[in-house]
Amino acid sequence: MSVSQNFTDIRPTLNLNFARSKTLDPRITFERASIGTYVDENGLIKTAAADEARFDHDPETGESLGLLIEEARTNYYTTSETMTLGRLFLSSQWTWTSFTEGGPQGGSYMRWERIGVTASPEWNYSIDYNNTGLSIGDKFVVTFYARCPNGTLDSIRISNPDQESEAFNIDSQWRKFTKVFTYGIQSGLTFFRFNRAYTPAYVIGTTYDIACLQIEKYEFPTSYIPTSGSAVTRSPDSVLISPSGWWNYSKGTVYAEFKGGLESQQNGYGRIWSPSGAAALSAQISHVNNNKFSIWFGGSAPKITSQDHLNSFGKIAVSYSNNGTSADIVMGSYPVTTTGTTNQLPNTTTPHGIGKNAVSNTNMLNGYIKKLVYYPEVLTSSQLQNLTK
């Protein structure tokens, strides 16, 4: 990627295109102390070994999403690979079967099949979550995959005793669904349930499949964490890159294409690029700094107000120039630019963080980086606009 629209070409000294290459640059050090999962180009859930980077895909289109970077998370549903832990209610109108293969992860799933035409009673499957480490009023998110394999368009409902519920339309394809709940406000009752949402027809042979159930603390989901008898914690992804050979401390421009920014540990914002613990280009999706990009080298933090990029990719470019006492900033995300100052960029030769804090596994992006590009020169506002269109 060169900057060459009616102005002098500036070649990047770092050009990481994770979505296209699906590989790590040799200068990158990647660590994760556990397995992790990702979706391949065929929409199937696959497992990456410890210390193996994950290059994720859209499960419906197969689009390459880039490098997946997530914080540590725990799946508190302890039998996600067998789907056996729960209280099952069946009327004589339904049968229940557990399958050991064919789920979205290639493994187990549960099936309910209608064998009668009486309207009620129906079925439900209740899941306890009283061992999740949550307190009354805490938020948690339930993730699951569901389908109607016989091709019938139907719906499935997930609800809790506090009358929080949502119905999801399902079809013949495995699709991922999420629902955020509040922990046990109703008399401390700690369960949620699946059941069939109302439709006017009761057709013999109608089937409902559920797989890969996950219960996580906090208000947003992460990738699937398989469990087989106990809660499992996935370790954080650590992505660091040596600055040798491409980094210009005195001036430069960083450009990124990313999705994410919501995180649970550090005030609700995730870092896109972090040259030191006290310096970062961040996507701030916190309650205080809603939907902003910010650049911070300590001191003040110039910001651009933007839509959030939790569900769509965004583009951001920032130029900086150290003037001896502070750093002059030009920041652009089409169609907006802003200028400002922040403290001088720390002069360090230690590795930079990608999608995280440079010195700790905090400020995690919890999302994807498609591209990360560095130019060793300052660009103008119009040049930044051209990059981020």
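Please refer to the structure placed before this passage.
Residues numbered from 1 in each chain as written. Predicted model: local features only at pLDDT ≥ 70, side-chain atom pairs only at ≥ 80, totals over all residues. Heavy atoms only, no water.

J.: So what about the environment of T233? Which residues, and what values?
T.: In this structure, T233 sits in strand 18 (residues 232-234). Along the backbone, T233 and R73 are 160 residues apart, and their C-alpha atoms lie at a distance of 5.4 Å. Excluding residues that lie within four positions of it along the chain, T233 makes contacts with S34, R73 and T74. (Helix = DSSP H or I, 4+ residues; strand = E, 2+ residues; numbered from the N terminus. Contact = heavy atoms within 4.5 Å.)

J.: Account for the pattern of salt bridges, naming residues and giving values.
T.: Under the defined criterion, the tally for this structure stands at 15 salt bridges. The partner of E71 in a salt bridge is R73, with the nearest N and O atoms 3.0 Å apart. Overall, the relative accessible area of 4% leaves E71 in the buried class. Here R73 falls in the buried class, since its relative accessible area comes to 3%. Between R147 and D209 there is a salt bridge; the shortest N-O distance is 2.9 Å. Taken together, the positions of R147 in strand 12 (residues 139-147) and D209 in strand 17 (residues 207-217) put the pair 62 residues apart, joining distant regions of the chain. No difference in accessibility class separates R147 from D209, as the two residues are buried. One continuous salt-bridge network, built from bridges that share partners, spans R32, R54, E70, R234 and D237. (Salt bridge = Lys/Arg side-chain N within 4 Å of Asp/Glu carboxyl O. Buried < 20%, exposed > 50% of the residue type's maximum accessible area, 1.4 Å probe, protein only.)

J.: Account for unusual backbone geometry, naming residues and giving values.
T.: The linkage connecting Y334 with the following residue, P335, adopts the cis geometry, with an omega of 5 degrees. Position of P335 among the secondary structure elements: in the loop between strand 26 (326-333) and strand 27 (336-343). Even without being a glycine, K22 presents a positive backbone phi close to 55 degrees. Relative to the helices and strands, K22 is located in the loop between helix 1 (18-21) and strand 2 (28-31).

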